[in-house]
Structure formats: structure tokens, C-alpha cells
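Here is what each chain is made of, one letter per residue.
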Amino acid sequence: MKNNQSVQKIEKLFIESATKLQNGDPAGARRGLEKVAKLAPKSAAVWYNLALAGQHLGLHHKAVKEYQKSLKINPSQIDAMVNLGLSHKALEQVDEARRLAEKALNMQKGHPRALNLLGSLLAESRQYTEAIPLLEEALANDQENTDARQNLANSFLESGDSQKAEEVILPLVDEEASAKVPTELYVQTLLDQKRYIEVPPILKKLKSRYQGDEDVLILEMSFCELINDNFSVVDIAEKILNKSPRHARVWNSLGSAYFQLDSIANAKNSYQKAMDFDAEHPEYSNNLGLAFASLGEKDKAEHYYRNALSLSSDYVEAYRNLVAMKKFTSLEDPDAVKINHLWENDELPDQTKCKVAFALGKIYDDCGLYDQAFASYDEGNRLKSLEIDMDFDQYFGHIDRIIDVFDRKPAQSVAVNQNLGQPIFILGMSRSGTTLVEQIISRHPGVTGCGELSCIERAIGNLEKNPDGMKIYPDDFIGLSEEVLAKETKGYGDWVSRLHDIQTPFFTDKMPFNFVHIWLIKALFPKSSIVHCHRHPLDVIVSNYFQLFGSDINFVYNLEVLTGYYLRYHKLMRHWHQLFAGEIYKVQYEALVADSENQTRLLVEGAGLQWDEACLDPNRSDTAVRTASIWQVREGIYTSSKERWRRYEKHLGAVIETLQSHHVLDEECRYLD
């Protein structure tokens with residue numbers, strides 16, 4: 001009688017515990033099952049459920065022992081075998097997890113969970129060709145296997161087939177974004193397909209439903225990185241790091257956002273943090289090298305580039321950065337040999353091949369092999385163009401509208417700058433000498449060099465989202481009130497203060513593309529000086545065509561498009577010089593390098609500064625440089641790039657003809673304005 005009562009008591013406790021497990025209370029279930037296991041140690045079901053509760057709680061070391069006890073009692077339990085494999089996987093004991101998955105499949109061919117386990121293990125080791133068929137079979141054998149569906153979608157995504165990934169994951173995605181992991185995977189497929197316009201409403205729902213969730217914040221940060229909203233990346237990354245300060249990937253993203261915003265000291269510190277928490281990641285080491293390069297610390301930069309290569313011998317970004325920092329005299333240079341070897345690898349993806357082509361072009365150019373250099377750059381540009389999906393007619397039409405709309409000076413402007421130094425705007429075509437001009441001006445003791453600030457573009461974005469209704473730039477900006485403009489002037493100042501330590505009455509903003517927005521600059525900062533950097537059109541075009549930019553400068557990778565962009569720059573600057581006559585100082589790059597002292601004096605005066613002899617001292621140039629001019633500008637004034645285009649003249653026939661037909665160049669290729 002006692003034995004029957006005891007058995008019934010054990011069975012009752014077991015059922016109660018198993019029910020708790022089914023109802024989502026693994027901790028309560030485990031407390032009961034531990035008691036049952038002591039009373040019925042030869043029950044495979046008890047050990048199985050105890051292990052399952054442990055798995056739910058992340059107690060994988062205990063779960064392994066408990067599943068082993070269950071399987072010792074009943075070796076035919078395939079689910080126990082698969083679950084044991086899952087705990088080994090969680091403990092990073094990959095070989096044992098794989099052995100168990102294969103053993104389960106030998107016992108029952110086509111077992112969905114065993115297929116999913118083996119497929120996920122292969123996917124995590126990037127063996128997608130082997131993983132995908134297994135995961136497809138798992139899903140075919142069990143359409144309700146959510147894990148297999150998610151793993152299959154992720155495998156397609158990681159292997160580059162985002163459309164297939166979207167097709168697989170969509171059945172799990174609902175309108176309210178309640179299925180968190182599938183919705184996150186779906187957003188990743190949209191990001192991969194550059195369908196950025198579809199992402200914000202889904203992210204909004206995810207953020208609302210899972211407030212403060214780290215995975216959702218990281219997804220939002222990734223989206224902001226892709227659309228180059230570096231200001232938001234900084235805000236989101238800092239929010240994540242407040243809770244998870246050891247997150248290497250987020251530190252790296254924060255560093256890259258600061259780097260793009262030209263806050264190099266902050267970038268360096270963030271990249272160093274990423275390295276502190278994950279020293280084996282080549283990207284983090286390479287990025288830290290970039291930060292040191294921007295600060296002029298060549299030895300440290302090379303150390304981190306080479307360290308990146310020691311972690312991944314074919315990490316092309318590091319080779320590209322090494323190529324940029326050294327002058328090649330022979331194709332037998334070990335770095336040149338390695339890059340040539342990479343170029344000959346037909347299995348390289350187009351994105352990687354593109355980077356190698358630009359690096360190879362620079363090597364040939366250094367060695368005076370100009371035809372080979374142009375061919376390499378041409379191929380690099382062709383490959384880069386394959387990545388770009390942009391309506392240039394629409395883009396150019398937008399620039400043309402600016403001339404039509406801003407045909408008079410701002411009726412309203414901000415009367416008083418906020419508590420910050422006065423900006424000096426240095427602008428023009430990229431590769432026109434803006435970096436050199438900033439270096440000269442920032443030598444002045446009253447000036448802080450802040451590099452390329454994206455704050456004017458940010459102000460435009462804010463003004464377009466006006467609370468009174470959406471605005472279209474430029475059409476709806478004519479009538480903006482002083483109050484609205486003043487808010488953006490303050491916002492500009494707040495961000496500059498956040499990115500840089502300004503202790504001087506002036507600071508520089510050398511974002512070249514601000515030339516498009518001079519009307520708005522005059523509205524926001526009517527007392528600020530504007531310096532327009534100009535260089536021979538063909539040198540500008542060649543220099544841009546030979547540069548693989550890190551940002552979304554998409555118009556440079558096709559000579560016809562690049563020439564069309566130059567023509568619009570030329571036309572727009574003529575318009576601004578007429579509209580704001582005497583208010584924009586124009587500095588000619590060729591004159592500056594030929595007669596540096598006299599031109600420097602005129603430049604300083606044109607920037608609205610009192611003369612200071614420090615402006616002639618290149619040793620005072622401590623402003624960080626992250627642009628393509630990173631090493632040239634630190635060599636001081638040099639003339640080797642003057643009329644560089646003549647080395648490539650025979651490849652520029654169509655460009656020259658277009659510029660001559662629009663009266664930018666004369667028959668001798670002299671600049672007409």
C-alpha cells in the first residue's frame with residue numbers, strides 16, 4: 001500500500017512539474033523534477049524533462065549530464081539525442097554536437113530536428129552549400145519547424161541570396177511584428193536588397209513592441225549605418241553600450257560613425273574598445289589603423305593594418321590602406337606582388353575585386369605605368385557601378401532646381417550664432433584641395449579644424465520633417481522663418497560641440513558638397529566666411545575617378561556621369577558667386593601650390609581672419625585627415641599632382657570634348673572661368 005502511495009505521489013509530482021515546463025515555468029519545473037529524479041533515478045522520462053528544463057534556463061552543463069543519463073536508460077530516444085547535441089552546440093562543443101546529429105540521422109533518416117541541428121552547425125561554419133539542402137529537407141519534412149525556417153532564411157541571407165531568404169521567412173512575419181526573430185530576419189533581407197524605404201515602419205513596430213531590446217536596437221543601428229545616418233548611429237550605439245559596454249561590434253560601429261563625422265579622436269577610442277573586447281577581428285584592427293593614419297601616426301597605422309592581415313591574410317581593405325600610405329617604385333614590392341596575386345584569383349566576389357582593382361591602379365600609377373593604371377581604375381569603376389542603383393537624371397534635376405529656386409538671397413537669416421565659435425565653410429568639388437586649404441587655415445591659433453561635418457545635410461533632413469508639414473528641399477525652404485532656422489543653427493552647434501572640443505573663436509567645416517547648399521548656409525550662418533576651392537576640371541575628374549570613396553558618393557564611378565556632375569557644380573558655383581558677389585572667396589589650387597606664401601596670405605584674409613605667421617608653418621598642422629588626401633597633405637605643399645591629367649589625356653577624349661562644348665575648357669584645355 002505504501003509503495004502504491006509513494007508511486008502515485010511521484011507520478012503526481014512529475015505531472016505537476018512537466019505541466020509547469022509546458023506552461024513556461026522551467027525554474028519551477030526543475031525544482032520539482034530534481035526531487036522526482038532522486039525518487040525515480042531509473043526513469044528516462046524524468047531525466048529527459050529535467051534536462052529540457054535546464055536547457056530552457058541555459059544550464060547546458062547540467063543538461064548534458066541529464067540527457068546522457070536519459071539516453072543510457074533508453075538509447076533510442078532521438079529527441080534526447082538531438083537535444084543533447086543542442087546543449088553541446090550551446091557550449092561550443094561543435095564536434096560532439098555534429099556527431100550526435102549524424103548519429104540521430106543514422107537512426108532515423110530525415111528527422112527534421114536532427115537535420116536542422118546539422119544544417120545549423122554547417123551554416124555557422126559558413127558551409128552554406130552543404131547546410132542549405134539539409135535545412136530545406138528539415139523544413140520539407142516539418143513545415144511547422146520554426147527553427148529550421150529561420151536557420152534556412154539566415155543561411156540564404158548569409159550566402160548572398162536575400163530574395164530567397166525573404167521568401168522563406170515571410171510565412172512567419174505578421175503585420176504587428178510580434179514574431180521578433182523572423183521580423184528581424186525579414187528586415188535584414190530588405191536591407192540586403194537596399195529596399196530601405198520599407199524598413200522604418202517595421203522598425204517602428206519592433207521598437208514599440210520590444211522597447212529597449214538590444215537586438216532591435218542593433219538592427220536599427222545597422223539600418224542607420226546603411227543610409228549613412230551617422231548621427232543616429234552615435235545615439236543608438238551609445239544607448240546599447242550603456243547596457244552592454246563590452247559589445248565589440250557596437251564599439252566598432254560607433255567608431256565608424258565618429259570617423260565619418262570626422263571626430264577622429266572619438267573614433268580611435270571606440271575602435272580601441274572594439275579591439276579590447278575582440279582582438280581577433282581583422283576589421284577592428286584595420287579601422288584602428290585608419291584612425292591612427294588620420295592622426296598622422298604612420299607607424300601605428302601600418303602596425304594595425306599588418307595585424308589585420310595576420311588575422312586574415314586576404315583582408316583586402318588592409319591592403320588597400322597600405323597601398324594608400326606608401327609610394328611604390330617596383331611591381332616586385334611584396335605588397336604589390338600580393339595584390340597582383342589577389343587580382344588573379346577568379347573566385348573573388350565583385351566587391352572585393354573592385355577594391356583590388358583600385359589598389360592595383362594606384363601601384364601602376366606610382367610606377368609610371370599609366371595605361372595599366374587607367375585600365376585597372378576603369379575596371380574598378382565598372383565593378384563599383386554594378387553596386388549602384390541610382391537615377392542620376394533625377395539627382396541632377398534636383399541640383400538644377402536649386403538654381404531656379406534660390407534665385408535671391410535669404411529673406412530670413414539667423415541673427416545670432418549660438419554659444420560656439422564661428423564656422424568657416426571650405427567647399428568645392430571633392431579632390432579640389434579642400435583638405436590642403438583646411439590644413440592651412442587650421443594652423444591659425446584662432447581656428448579649430450573639424451574636417452568634413454555632415455551637419456548641414458542633417459539640418460536639411462530636419463527642416464524637411466518640419467512639424468508644420470513635410471517640406472521639400474529646395475522648393476519649400478524660401479519661406480522658412482528665422483525661428484525655424486535658428487533651431488537648426490543651434491542643432492548644428494550642439495553636434496559640433498559633441499564631436500569636437502572647440503576652444504577657439506573659429507572652426508572649419510570642410511564638407512566639399514556643401515557647395516550645393518550655400519543659400520542655406522547663408523541663411524543659417526550669415527556672418528560665416530565661405531572659401532571655394534577650385535582646381536583644373538580634368539585634374540578633379542581624374543582624381544575622383546581614381547578614388548574608391550568610403551561614403552555614398554555614387555556619381556564618380558562613370559566618366560560620363562562624373563563629367564555631368566562637374567558641369568552642374570560649375571554652373572551652380574557661377575550662380576552663387578553672382579548671387580553672393582564678394583561674399584565667397586575663391587582659391588585656385590594651382591596658384592596655391594605655385595605661390596604658397598602670397599596665396600596663403602590672401603586665403604587667410606578671404607577666410608575672415610587676421611594674419612598670423614603660424615599659417616605658413618606646416619609643423620602646426622595637427623588637424624586629423626580622413627580623406628583620400630590623408631598622406632599627401634601631410635607632406636606639405638607639393639606640385640606633383642598638378643596637371644596629372646596629361647598622363648591620361650588619351651583616355652579622356654569624351655570628357656574633354658564635353659567640357660569644351662560647354663565652354664568650361666578652351667581648345668588648349670585651359671580653364672575658361
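Residues numbered from 1 in each chain as written. Predicted model: local features only at pLDDT ≥ 70, side-chain atom pairs only at ≥ 80, totals over all residues. Heavy atoms only, no water.

## Thoughts on the environment of Arg126
Mapped onto the secondary structure, Arg126 falls in the loop between helix H7 (112-124) and helix H8 (128-141). Sequence separation between Arg126 and Gly28 is 98 residues; the distance between their C-alpha atoms is 38 Å. (Helix = DSSP H or I, 4+ residues; strand = E, 2+ residues; numbered from the N terminus.)

## Thoughts on the nonpolar core
Leu520 and Trp576 are the most contacted members of the largest nonpolar core, which has 184 residues in total. If you tally residues by element for this core, the top one is helix H29 (residues 559-579), at eleven residues. Aside from chain neighbours lying at most four places away, what touches Leu520 is Ile456, Ile460, Leu463, Tyr473, Phe477 and Leu485. (Core = buried A, V, L, I, M, F, W, Y, C linked by side-chain atoms within 4.5 Å. Buried < 20%, exposed > 50% of the residue type's maximum accessible area, 1.4 Å probe, protein only. Contact = heavy atoms within 4.5 Å.)

## Looking at the pairing of strand E3 (residues 506-509)
Each regular strand carries side chains that alternate between the two faces of the sheet. Bridging between strand E1 (residues 422-428) and E3 involves four bridges; their strand directions are parallel. Directly across from Pro423, in E3, lies its bridge partner Phe507. Both strand E2 (residues 447-449) and E3 contribute to a ladder of three bridges, which runs parallel. Directly across from Val447, in E3, lies its bridge partner Phe506. (Pairing = 2+ DSSP bridges.)

## Here's the deal with the confidence of the model for the protein chain
When pLDDT is averaged along the protein chain, the result is 93; 96% of the residues meet or exceed 70. Taking the mean pLDDT of every element in the protein chain, the minimum, 85, falls on helix H1 (residues 2-22) and the maximum, 98, on strand E4 (residues 529-534). (pLDDT = per-residue confidence, 0-100.)

## Considerations on the packing of aromatic side chains
Geometrically, a pair of aromatic rings is defined through the distance of the ring centres and the angle of the planes. Throughout the structure, instances matching the rule amount to 29 aromatic pairs. Each ring, one from Tyr196 and one from Phe223, has its centre 6.5 Å from the other, and the planes form 65 degrees; the classification is edge-to-face. In this pair, Tyr196 is assigned in the loop between helix H11 (180-192) and helix H12 (199-209) and Phe223 in helix H13 (residues 214-226), connecting sequence segments 27 residues apart. Residue Phe223 is classed as buried on the basis of its relative accessible area, which comes to 9%. Look at Phe515 and Tyr569: their rings are 5.1 Å apart centre to centre, the planes differ by 80 degrees, and that puts the pair in the edge-to-face class. Residue Phe515 is found in the loop between E3 and helix H27 (518-524), and its partner Tyr569 is found in helix H29; the two are separated by 54 residues along the sequence. (Phe/Tyr/Trp six-rings, centres within 6.5 Å; stacked < 30°, edge-to-face > 60°.)

## As for the side chain of Gln599
Turning to its location among the elements, Gln599 is positioned in helix H31 (residues 596-606). Ignoring any residue separated from it by four or fewer positions in sequence, one finds Gln599 in contact with Tyr585, Ala591 and Leu592.

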